[in-house]
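One-letter residues, chain by chain:
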Amino acid sequence: MDSRGLITAQELADSLRLSVDTIWRYTREKRIPYVEIGQRQYRYNKQNVLKALSGEDFCALAKEESAPYQDKKKLTYADYAKLPEEPGYRHEIIDGVLLRDPSPTFHHQRVSRRLQRILEDYFFKVDPKGEVFDAPLDLSLAEYTVVQPDLLYLPGSRPPQNNPIDVVPELVVEVISPSTGKKDRVLKLNHYQAAGILHYWIVDPEEGIIEAYELREGHYVSMVRAHTGTFSHPSFTGLSFDIETLFSKPS
């Protein structure tokens, strides 16, 4: 296939001074031409898109872009599932708002992978039927909130039944990035708390810190905040690992 002259949704949005959300919506509604290069992966020819949009349509688009956000539709999982894949980005919806973050760094993934192995080994011993999952995997917290935690543990008593996962995990872990720190510490924390997730850990690869929260009477309480030595948690008997080894970078 000749891909010359084709651009991504983000490049098209930037060139037309529109939001990428609008490009995706017009793609879903088949109002603009596109080329599908893979599952949920699309490319566009700018001139063909402009030809498909009459002057009146483009003016309407520009007016729509300038409207206050609160007038726009809240996204559900059905809307979210129709979004095209966009290389280099991860997507979630919280309270019906699409959140778009850059893909994580290799050190983020290194730390996440190491912690996943630690948790898999631990839970295999204490709960052989339980499972630890990593991103990308959709977790539905409410009608308008679908997130992708870096790691989550579902006990054997609550196995996954549907996609997206609609049972409450026992533990959720977010490995934060500079672009996601505020979201993970505030927005997601509040939603995990409201969903009744018993344990929430925030892992900061750059600062080398683990913060472990536990739900007590409907609110998260800090149980562990550590950056050196051995990590242990009063609610996870027998779980221990060296924190500096978890965060270490190859020489």
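Residues numbered from 1 in each chain as written. Predicted model: local features only at pLDDT ≥ 70, side-chain atom pairs only at ≥ 80, totals over all residues. Heavy atoms only, no water.

Draft legend 1. Inspection of the overall build of the chain at higher detail. For the chain, the count of helices and strands is eight helices and 14 strands. Taking the principal axes of its C-alpha atoms as reference, the chain extends roughly 65 × 45 × 30 Å. Put simply, the chain has 251 residues, and 43% of those count as buried. Considering only residue pairs separated by 6 or more positions, the chain has 51% of its internal contacts joining residues 24 or more positions apart. Here the chain has roughly 13,500 Å² of accessible surface; of this, 49% comes from carbon and sulfur atoms. For the chain, the separation between the mean place of its 31 positive charges and that of its 37 negative charges on side chains is 4 Å. (Helix = DSSP H or I, 4+ residues; strand = E, 2+ residues; numbered from the N terminus. Buried < 20%, exposed > 50% of the residue type's maximum accessible area, 1.4 Å probe, protein only. Contact = heavy atoms within 4.5 Å. Areas by Shrake-Rupley, 256 points an atom, 1.4 Å probe, with all protein chains shown as cover. Lys, Arg positive; Asp, Glu negative; His and termini not counted. Charge placed at Lys NZ, Arg CZ, Asp CG, Glu CD.)

Draft legend 2. Up close: empty space enclosed by the protein. Scanning the entire structure with this criterion turns up two cavities of 30 Å³ or more. The computed volume of the largest cavity comes to approximately 150 Å³. Forming the boundary of the largest cavity are 16 residues, of which R90, E92, D101, T180 and K183 lie nearest the centre. For the lining of the largest cavity, the secondary structure elements donating two or more residues are strand 3 (89–94), strand 4 (97–102), strand 9 (171–175) and helix 7 (181–195). Among the residues forming the lining of the largest cavity, the class breakdown is three nonpolar, five polar and eight charged. Roughly 70 Å³ of volume is contained in the second largest cavity. Lining the second largest cavity are T8, A9, Q10, W24, Y42, R43, Y44, P84, E85, E86 and P87. At the level of secondary structure, the elements contributing two or more residues to the lining of the second largest cavity comprise helix 1 (9–16) and strand 2 (41–43). Its residues assigned to classes, the lining of the second largest cavity shows six nonpolar, two polar and three charged. (1 Å grid on protein atoms, 1.4 Å probe; cavity = no way out; pocket = protein on both sides within 12 Å on 5 of 7 lines; lining within 4 Å. Points joined across faces, edges and corners; volume = space filled by probe spheres on them. Nonpolar A, V, L, I, M, F, W, Y, C, P; charged D, E, K, R; others polar.)

Draft legend 3. Just the pattern of salt bridges, in detail. The tally for this structure, following the rule as stated, stands at 11 salt bridges. For the salt bridge of R158 with E170, the shortest nitrogen-to-oxygen distance reads 2.7 Å. Pair noted here: R158 is in the loop between strand 8 (151–154) and strand 9 and E170 is in the loop between strand 8 and strand 9, with a separation of 12 residues, a long-range link. Judged by its relative accessible area of 29%, R158 falls in the partly exposed class. Taking the relative accessible area as the measure of exposure, E170 reaches 21% and is therefore partly exposed. Note that R185 is salt-bridged to E211, the shortest N-O span being 2.5 Å. Placement of the pair is R185 in helix 7 and E211 in strand 11 (residues 209–216), with a sequence separation of 26 residues. By sharing partners, the salt bridges in this structure join E92, D101, E174, K183, D184 and K188 into a single network. (Salt bridge = Lys/Arg side-chain N within 4 Å of Asp/Glu carboxyl O.)

Draft legend 4. Structural detail: the packing of aromatic side chains. Taken as a whole, this structure holds 12 aromatic pairs when the rule is applied. Note on W201 and F236: the rings are 5.6 Å apart at their centroids and 80° apart in plane angle, and the pair reads as edge-to-face. In this pair, W201 is assigned in strand 10 (residues 199–204) and F236 in the loop between strand 13 (230–232) and strand 14 (240–242), connecting sequence segments 35 residues apart. The pair W201 / F236 is uniform in exposure class, with both members buried. Put simply, the rings of Y122, F123, Y153, W201, F231, F236 and F241 touch in pairs and so form one group of aromatic residues. Here the basic side chain of R31 rests over the ring of Y26, its NZ or CZ set 4.1 Å away from the ring centre. (Phe/Tyr/Trp six-rings, centres within 6.5 Å; stacked < 30°, edge-to-face > 60°. Lys NZ or Arg CZ within 6 Å of the ring centre and 35° of its normal.)

Draft legend 5. Structural context of the sheet that holds strand 12 (residues 219–226). With mixed pairing, the six strands of this open sheet are ordered in space as 5-8-9-10-11-12. The open sheet is flanked by strand 5 (131–134) and strand 12, the only strands paired with a single partner. This sheet shows a mean twist of 20° between the axes of neighbouring strands, independent of strand direction. The strands that helix 6 (residues 106–126) touches are strand 5, strand 8, strand 9 and strand 10; relative to strand 9, the one it contacts most, it runs at about 160°. (Pairing = 2+ DSSP bridges. Axes fitted to C-alpha atoms, helices over the stretch in contact; angles between N-to-C directions.)

Draft legend 6. Just helix 1, in detail. Turning to helix 1, its buried residues are A9, Q10, L12, A13 and L16. Each buried residue of helix 1 sits inside an arc of 160° when the element is viewed along its axis, so together they form one side. Looking at the residues trailing helix 1, positive phi occurs at R17, about 60°. (Arc of directions from axis to C-beta.)

Draft legend 7. Broad picture of the environment of S232. Assignment of secondary structure puts S232 in strand 13. Assessed through its relative accessible area of 44%, S232 is described here as partly exposed. Other than its neighbours up to four places away in sequence, S232 contacts V224 and L239.

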